[in-house]
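# Observations on the model geometry
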Amino acid sequence: MNRNSGTTLIAVACVVALTACGEHAQLDPRTQMGKDPELPKPQNFLVPPMQVPTGVGWQGDAHPAVADGLSIEKIAGGLIHPRQLLALPNGDVLVVESNGPGTEAVTTPKQLIAGMVKGRSGKAAKGGNRITLLRKQAETGKWEPHVLLEHLHSPFGIQWIDRALYVADTDRIMKYRFEPGQLQIADPGTELADLPSTVNHHWTKSMVASRDGTKLYVGVGSNSNIAENGLEVEYRRAAVLEVDVATGASRVFASGLRNPTGLQWEPQTGTLWAIVNERDEIGADLVPDYLTSVKEGGFYGWPYSYYGQHVDPRVKEQRPDLVAKAIKPDYAIASHVAPLGLLFYTGSSLPGSYRGGAFIGEHGSWDRSPLSGYKVSFVRFVNGRPTGPVESVVTGFYSKDESSLYGAPVGLAQGADGALLIADDVGNAVWSVNASK
Amino acid sequence: MRQEVKTPRSQAAAVAFGVLDPIPYGFFVGALLFDAIYANSGEILWIKAAAWLIAIGLLFAVLPRLINLVQVWFPARGRRAAAEMAGFWLNLLAIAAAITNAFVHSRDAYGAMPEGLWLSGLTIVLLVLAKVLPALPQATARDRA
């Protein structure tokens, strides 16, 4: 072998080494929880950190593990990708079975490959595009499923206001006449308002009604990770929209929230709070997803910056004027945990320490090794503000070696009996968490 | 040029090489142009198009590079020319640069810059050298000797 070929071999080896080094996480997730998360320097990768367990579902009677003082029970199985839950005052539970519309065009070689890798987890399985109603049988205590509404278009958010059910499909809010007690909806429904639905990179439309039932707040995710589809497709996206229930008129209520997948009212102060999925591919420990109060007219940074004034150089052109006014979110819940469900607990059947705090359904990471998320966690609130670290409440969604995925929590609800209900879109189940007897 | 015994097999390979070898070169030149436009304009169209040009250019490079590998390392008869050897290594380095560049272009938006532009430039410089060196007077003269 001559000198030349030696040099070349070294060059080739360097390329191989560079492509193989999907960086491992360096920080303990606990350092990225709370008001002031540790934020390492952003990195550029040839291949971003990636770890995706294979979706296998729950075998036999297997179930998630719960924290001390709690018990867990499966109340429904065999669903088609259950994503969101709504508990009705009469005790019935509505389950939204859904997944993305699959309309995002493949416009880069990377999308071709990444789509295949991420699909392994079972998170990309086809959704039922329907709503199933679960009713508890008084005699047996078993929950009986009834198909309430079918042929929806990637529904996610769901709210019930005064004799009407509002369903946020990926492209519009539909209104159906509905009284609790009904087992089926015959009303073909009317469109209340259209929602941004080009590309649908982030397709979920989370939704919560104002306490007086006059407004709907809709979380609309960005059309990209970090504006790589052009800023023109981000119109009215990465935002919380406010929709007038009487007229369907809407406006941008808050912006710069990359993917606000859960909206809820904090019970003590009555302020709007959101969980937000932050940007990927600048490190296993960047950027922490967060829980924040949402201020009217507030701008939270995306895509130009994160956690206030931490500028993201991947956006051209930069906007220092917007970065300057970016609000720092209230509370970090660790990197890449993918929060998709938020619930402020106001019931009394779980141990008292949970009252008034926020449960978060963490769907789990792909852009981090080791895995993070894949659990239901809890953040304590004191005087309307989050405090202390994130606690793990429901865990055991993946195997110890991180290779198999049994389930992944998404939407949360509080049952009429005070139970914590969890939609699991990999286990295709609904779980009910109660105080242990 | 050195005299070769033209077997039907090597002749077919030479024709296939002549047909296929310019394809990746064209793709990589296109990628360099598009990268330069994106670096200045920030218009997403150009960086996405450049990413496809690099990926497809690499696919088209596989066959001509294999043919060249056989031609250079297992010549039908006679000694290898130094210029052919240099061409082989320069092409290999260009492919290594393009592979790295394909990964750099998988970054989102402006995260691919400026490295993507540099690597597109480096790929072309190496490919141009691989074409120019064998054509230089002294290389031709040495080959004749």
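Everything below is about the structure printed above this text.
Residues numbered from 1 in each chain as written. Chains lettered and ligands numbered in written order. Predicted model: local features only at pLDDT ≥ 70, side-chain atom pairs only at ≥ 80, totals over all residues. Heavy atoms only, no water.

### With respect to the overall build of chain B
Per the secondary structure count, chain B includes six helices and zero strands. Helices (α) and strands (β) of chain B occur, in sequence order from the N terminus, as α-α-α-α-α-α. Put simply, chain B has 145 residues, and 42% of those count as buried. Contacts spanning at least 24 positions in sequence make up 71% of the contacts within chain B whose residues lie at least 6 apart. (Helix = DSSP H or I, 4+ residues; strand = E, 2+ residues; numbered from the N terminus. Buried < 20%, exposed > 50% of the residue type's maximum accessible area, 1.4 Å probe, protein only. Contact = heavy atoms within 4.5 Å.)

### Structural notes on helix 2 (residues 22-41) of chain B
All names here are of chain B. Helix length check: helix 2 (20 residues) gives 29 Å between terminal C-alpha atoms against 28 Å at 1.5 Å per residue, within 8%. Considered for burial, the residues of helix 2 that qualify are Pro24, Phe28, Gly30, Ala31, Asp35, Tyr38 and Ala39. Residues of helix 2 that are buried sit in contact with helix 1 (8-20), helix 3 (44-73), helix 4 (82-104) and helix 5 (115-132). Looking one or two places after helix 2, you find Gly42, whose phi comes out positive at around 75°. (Expected span 1.5 Å × (residues − 1).)

### Side note on the pairing of strand 25 (residues 375-382) of chain A
Residue and element names in this part refer to chain A. The element strand 25 is largely enclosed, with a buried count of six among its eight residues. Bridge count for strand 24 (residues 358-362) against strand 25 is five bridges, and the pairing is antiparallel. Across the sheet, residue Ile360 finds its bridge partner in strand 25, namely Ser377. Pairing of strand 25 with strand 26 (residues 385-395), which is carried by six bridges, proceeds in the antiparallel orientation. Among the inter-strand pairings, Ser377 is bridged to a residue of strand 26, identified as Ser392. Counting the residues between successive antiparallel strands, the hairpin from strand 25 to strand 26 contains two residues, one of them, Asn383, with a positive phi of roughly 50°. (Pairing = 2+ DSSP bridges.)

### Remarks on the interface of chain A and chain B
With 28 residues of chain A at the interface, the matching set in chain B holds 23 residues. Between chain A and chain B, the buried area comes to about 2,200 Å², and carbon and sulfur atoms account for 64% of it. Contact with chain B buries surface across chain A, with A:Leu46, A:Glu228 and A:Lys316 losing the most and accounting together for 25% of the total. Connecting chain A to chain B are one salt bridge. Its salt-bridge partner being B:Asp108, residue A:Lys110 comes within 2.8 Å of it at the nearest N-O pair. Taken together, the links from chain A to chain B amount to nine residue pairs in polar contact (both at pLDDT 80 or more). Among the secondary structure elements, those contributing two or more residues to the side of chain A that touches chain B are helix 1 (3-20) and helix 2 (109-119) of chain A. Broken down by element, the residue count for the side of chain A that touches chain B peaks at six residues, all from helix 1 of chain A. Each residue belonging to the side of chain A that touches chain B can be placed in one class, and the counts come to 12 nonpolar, 10 polar and six charged. (Buried area = accessible area lost by both parts, 1.4 Å probe. Salt bridge = Lys/Arg side-chain N within 4 Å of Asp/Glu carboxyl O. Polar contact = N/O pair within 3.5 Å; in protein donor to acceptor, adjacent residues only side chain to side chain. Nonpolar A, V, L, I, M, F, W, Y, C, P; charged D, E, K, R; others polar.)

### Observations regarding the pairing of strand 18 (residues 272-276) of chain A
Residues and elements named next belong to chain A. Taken across its five residues, strand 18 has five buried, putting it largely inside the fold. Burial of the side chains of strand 18 extends over both faces: Leu272, Ala274 and Val276 are buried on one face and Trp273 and Ile275 on the other. Here five bridges tie strand 17 (residues 260-265) to strand 18, and the two strands are oriented antiparallel to one another. Paired with Trp265 across the two strands is Leu272, which belongs to strand 18. Relative to strand 19 (residues 288-293), strand 18 is paired through four bridges, and the arrangement is antiparallel. Among the inter-strand pairings, Ile275 is bridged to a residue of strand 19, identified as Leu291.

### Observations regarding the side chain of B:Thr123
Residues and elements named next belong to chain B. With respect to the element layout, Thr123 can be found in helix 5. In this structure Thr123 comes out as buried when scored by relative accessible area, which is 2%. For Thr123, the contacting residues outside a window of four places in its chain are Phe28, Ala94, Ala97 and Ala98.

### Comments concerning empty space enclosed by the protein
Per the counting criterion, the structure on display carries one cavity of 30 Å³ or more. If you add up the space inside the largest cavity, you get close to 80 Å³. Lining the largest cavity are A:Asn44, A:Phe45, A:Leu46, A:Pro48, A:Glu281, A:Arg314, B:Ser106, B:Arg107 and B:Asp108. Across the lining of the largest cavity, the residue classes break down as three nonpolar, two polar and four charged. (1 Å grid on protein atoms, 1.4 Å probe; cavity = no way out; pocket = protein on both sides within 12 Å on 5 of 7 lines; lining within 4 Å. Points joined across faces, edges and corners; volume = space filled by probe spheres on them.)

### Here's the deal with the sheet that holds strand 16 (residues 250-255) of chain A
Strand pairing in a sheet relies on backbone hydrogen bonds. The paired strands run either parallel or antiparallel. Residue and element names in this part refer to chain A. Strand order in the open sheet formed by four strands is 13-14-15-16, and the pairing between neighbours is antiparallel. Edge positions in the sheet fall to strand 13 (205-209) and strand 16, since each of these pairs with one other strand and no more. On average, each strand axis in the sheet is tilted by 25° relative to the strand beside it, whichever way the strands run. Of the strand pairs in this sheet, strand 14 (residues 215-220) and strand 15 (residues 239-244) are connected by six bridges, and their pairing is antiparallel. The partner of Val220 across the bridge, within strand 15, is Ala239. (Axes fitted to C-alpha atoms, helices over the stretch in contact; angles between N-to-C directions.)

### A few points about the packing of aromatic side chains
Residue and element names in this part refer to chain B. The final tally for this structure, using the stated rule, is 20 aromatic pairs over all chains. Taken together, a centroid distance of 5.1 Å and an interplanar angle of 75° make the contact between Phe34 and Trp46 edge-to-face. You can see Phe34 sitting in helix 2 and its partner Trp46 sitting in helix 3, a full 12 residues away along the chain. For Phe34, a relative accessible area of 24% puts it in the partly exposed group. Between Phe88 and Trp89 the ring centres are 5.1 Å apart and the planes differ by 80°, which places this aromatic pair in the edge-to-face class. You can call Phe88 buried: its relative accessible area is 8%. (Phe/Tyr/Trp six-rings, centres within 6.5 Å; stacked < 30°, edge-to-face > 60°.)

### Re unusual backbone geometry
Cis geometry is found at the peptide bond from A:Leu286 to A:Val287, where omega equals -10°. For A:Val287, the location among the structural elements is in the loop between strand 18 and strand 19. Here the bond from A:Ser369 into A:Pro370 is cis, since omega is 0°, no more than 30 degrees from zero. The phi torsion at A:Asn200 lies on the positive side, around 55°, for a residue other than glycine. In this fold, A:Asn200 is placed in the loop between strand 12 (190-194) and strand 13. In this structure A:Asn200 comes out as buried when scored by relative accessible area, which is 6%. We note that B:Ala109 has phi near 50°; this positive angle belongs to a residue other than glycine.

### Here's the deal with the environment of A:Gly57
Residues and elements named next belong to chain A. Considering the arrangement of structural elements, one finds Gly57 in the loop between strand 2 (54-55) and strand 3 (65-66). On the accessibility criterion, Gly57 (12% relative accessible area) is buried. Sequence separation between Gly57 and Gly427 is 370 residues, and the spatial gap between their C-alpha atoms is 4.6 Å. Contact partners of Gly57, with chain neighbours within four places excluded, come to Leu405, Tyr406 and Val426.

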